[in-house]
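# Report on the structure
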Amino acid sequence: MGKHYRPPGKKKEGNAARYITRSQAVKHLQVNLPLFRKLCILKGIFPREPKKKVKGNHHTYYHLKDIAFLQHEPLLETFREKRVYEKKIKKAKSKKNEERANRLEQQKPDYKLDRLIRERYPKFIDALRDLDDCLTMVHLFAALPALDREKVEVKRVHNCRRLSHEWLAYISRTHKLRKVFVSVKGIYYQAEVQGQKITWLTPHALQQVLTDDIDFNVMLTYLEFNETLLAFVNCHLYHSINVTYPPILDPRLEALAADLYALSRWFAATSRASLVGSEASSLSGSEQVKDEQKETSLNESELRLAQLQHQLPSNEPGALMHLVEDVSIEDEEDQDARECKTLFGNLKFFLSREVPRESLLFVIPAFGGMVSWEGDGAPFDEGDENITHQIVDRPTQARKMLSREYVQPQWIFDCVNARIILPTDGYLVGRVPPPHLSPFVDNEAEGYVPDYAETIKRLQAAARNQVLPLPGMGKEDLEDPQNLLVEGIIDRAEANEAAERKRKMIALEKQYHDELKMELEGVPYTSSVSNKQSSVTETEGREEPLPDLQQIAEDAANMSKVVMSRKKRGLLEAIEIGKKKKKDHVVLLKERKNKIKAAQKSKDS
């Protein structure tokens, strides 16, 4: 049978009617390709993969309804008008008519993305779910140098830095940070805001080298949308804790690059302003009228907040890293939030100049600690006698004080991930620290638990007064009645009752496995019922070893494979291959660990 022929005039059907190629979409919208890319990024429209590609596999396809959605976008007309003005400005400059070019530049239409934020995120929780990539990109551009040739302006870099610091200040003051991991790429953070886990990556404070193989036009379009989204999220979060947005920062601290500290002082100043307002509400009626007349203007209230901020003493510890007093945050805090809030509650830190200052200024206050640094604008200096820990990242420390401990920055991050104060012996200056374990990896699921993870687990159990099994034993060994009797936890009568219950459970479990094995072998139900009583009496007389559970599982898996389709069977085989690779990797790690231990033993001997 020949190829299906569609007569002229007949309506298209199927994928040919539902999907359209990118070149067709550009021609349909009457825009160029860069503008089409920009519209798709701002509106959140992505290419589709139809089951049958009518025009071939080398084309990019879009849904026809998405293109119709773009066609009715008001931004499309704004971009067209902006392009007309750009042509007029170019023509005026070519004629050396600077006055007309400047006038047209001022009249050029502008646009905002606030409406697109409300359109794409109807609920605030939707914006929080889509915040991971947004935060990573904003923190990336906050660390990039300004380049005119790549259209990375200084104004945009400063805006990204301001937005990132506002986000970090909120997370730190509300104690929402949960995990930190330092890697080669940068520092990974994870916070929990309104039940949503938000993970982002910040680059190290190093000189960034930009390559030529990056399309900055596409990245700047994404950044334009992400800046608006993060400003919207910051505004909502600040208002949720009764803090004015945007914050007014101390220009002296801004000049010293102490933005996070300036934001903490803004929080404290807002707290004092709220306390002043509550005291004013308790005055008499005549005094309230006078106060209302004095504070009618918004500029006057902002000036008062700025004055309160300048009145805060620079060496006041409470103004440094404490959250706003009497703010309306969640009353019901879980155990995890309470642990994070008080982890460094009684500790006072001082940062040496070689450590990553911005990261530690964010992490330490997020877990209840007080921190200062070496330089101008610091809340307290290095000679403060109340300092408990000094963070140092150098081979040796010449001048030491006996009242404090000198540790490496990794100790802070490991304490945060473990949620306990770890011993400082392995993190002292000049020593090789223990391995920095990732909190994003589930060691039990991976099948390999590092030695230091076991050590941290025992320290956590000791801090919570829990009993853990010895190495090589499982949790079921803790529940053994004989072990509990030896430990003195239960008496002999309770041990006998527990042993009887355990014996009955083993008998019932054996009966279940026997019935499962007979069912797999195809034994009829009547014969199994006739043998049931005899098997029960035999198990009551003596305890037999359990059947081979691995063989039963393999038989059940083989039977299920028989009835599978070829596609599902291939997927199952791929999953099994992945599990086998993971198991081989675990075996390789254990072999390496045994070799290292053997080498250390031979070296010591």
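Residues numbered from 1 in each chain as written. Predicted model: local features only at pLDDT ≥ 70, side-chain atom pairs only at ≥ 80, totals over all residues. Heavy atoms only, no water.

Under an unreviewed UniProt entry, the name given to the chain is Pescadillo homolog, and the organism recorded is Rhamnella rubrinervis. What UniProt records for the chain under Function (unreviewed entry) is the sentence "Required for maturation of ribosomal RNAs and formation of the large ribosomal subunit." Of the comments in the UniProt record for the chain, the one headed Sequence similarities (unreviewed entry) reads "Belongs to the pescadillo family." (UniProt positions renumbered as here; feature names shortened; annotations may be inferred.)

### What about unusual backbone geometry?
In this structure, Pro246 follows Tyr245 across a cis peptide bond, with omega equal to 0 degrees. Topologically, Pro246 is positioned in the loop between helix 11 (216-240) and helix 12 (251-255). One non-glycine residue, His175, lies in the positive phi region at around 55 degrees. Among the structural elements, His175 can be located in the loop between helix 10 (154-173) and strand 3 (177-182). Of note in the backbone geometry, Arg419 takes a positive phi value of approximately 65 degrees without being a glycine. For Arg419, the location among the structural elements is in the loop between helix 19 (409-418) and helix 20 (443-446). (Helix = DSSP H or I, 4+ residues; strand = E, 2+ residues; numbered from the N terminus.)

### Some details on the nonpolar core
A general feature of soluble globular proteins is that nonpolar side chains tend to end up buried together. Grouped together as the largest cluster of nonpolar side chains are 95 residues, with contacts concentrated most on Phe36, Trp167, Phe344 and Val363. Ranked by the residues each element gives to this core, the list is headed by helix 11, at 10 residues. The two domains that each donate at least three residues to this core are domain 1 (14-114) and domain 2 (149-312). Other than its neighbours up to four places away in sequence, Phe344 contacts Phe349, Ile364, Phe367, Gly368, Gly369, Ile412, Cys415, Val416 and Ile421. (Core = buried A, V, L, I, M, F, W, Y, C linked by side-chain atoms within 4.5 Å. Buried < 20%, exposed > 50% of the residue type's maximum accessible area, 1.4 Å probe, protein only. Domains from an automatic or database assignment. Contact = heavy atoms within 4.5 Å.)

### Quick notes on the layout of surface pockets
To find leftover empty space, a probe the size of one water molecule is rolled over the atoms. Counted as a void, the largest pocket has a volume near 1,600 Å³. Every residue lining the largest pocket is counted, 33 residues in all, and those nearest its centre are Lys38, Lys82, Tyr111, Arg156 and Glu224. Residue assignment for the lining of the largest pocket shows that the elements contributing at least two residues are helix 3 (33-43), helix 5 (74-94), helix 10 and helix 11. Structurally, the lining of the largest pocket is a two-domain feature, drawing no fewer than three residues from each of domain 1 (14-114) and domain 2 (149-312). (1 Å grid on protein atoms, 1.4 Å probe; cavity = no way out; pocket = protein on both sides within 12 Å on 5 of 7 lines; lining within 4 Å. Points joined across faces, edges and corners; volume = space filled by probe spheres on them.)

### Concerning the packing of helix 3 against helix 5
Close contact between helix 3 and helix 5 brings their axes to 11 Å; oriented N to C, the two are set at 145 degrees. Pair helix 3 / helix 5 crosses with right-handed handedness. Listed contacts from helix 5 to Leu35, Lys38, Leu39 and Leu42 of helix 3 are Leu75, Leu76 and Phe79. (Axes fitted to C-alpha atoms, helices over the stretch in contact; angles between N-to-C directions. Left-handed = near helix turned anticlockwise from the far one by under 90°.)

### Looking at the pairing of strand 6 (residues 348-351)
Across the two faces of strand 6 the burial is the same, with Lys348 and Phe350 and Phe349 and Leu351 all buried. Relative to strand 7 (residues 370-373), strand 6 runs parallel, the two sharing 4 bridges. Directly across from Phe350, in strand 7, lies its bridge partner Ser372. The handedness of the strand 6 to strand 7 crossover, carried by helix 18 (residues 357-366), is right-handed. In this sheet, strand 8 (residues 389-391) lies alongside strand 6 in parallel orientation, the contact comprising 3 bridges. Bridge pairing in strand 8 links Phe350 to Gln390. (Pairing = 2+ DSSP bridges. Right-handed = clockwise from strand over helix to strand, strands pointing away.)

### A short note on helix 9 (residues 132-142)
Within helix 9, burial applies to Cys134, Leu135, Met137, Val138, His139, Phe141 and Ala142. Each element contacted by the buried residues of helix 9 is listed here: helix 10, strand 5 (196-202) and helix 11.

### As for the side chain of Asn226
Summarising the element assignment, Asn226 is placed in helix 11. Sequence-distant contacts of Asn226, defined by excluding residues within four places in its chain, comprise Asp133, Cys134, Met137 and Val138.

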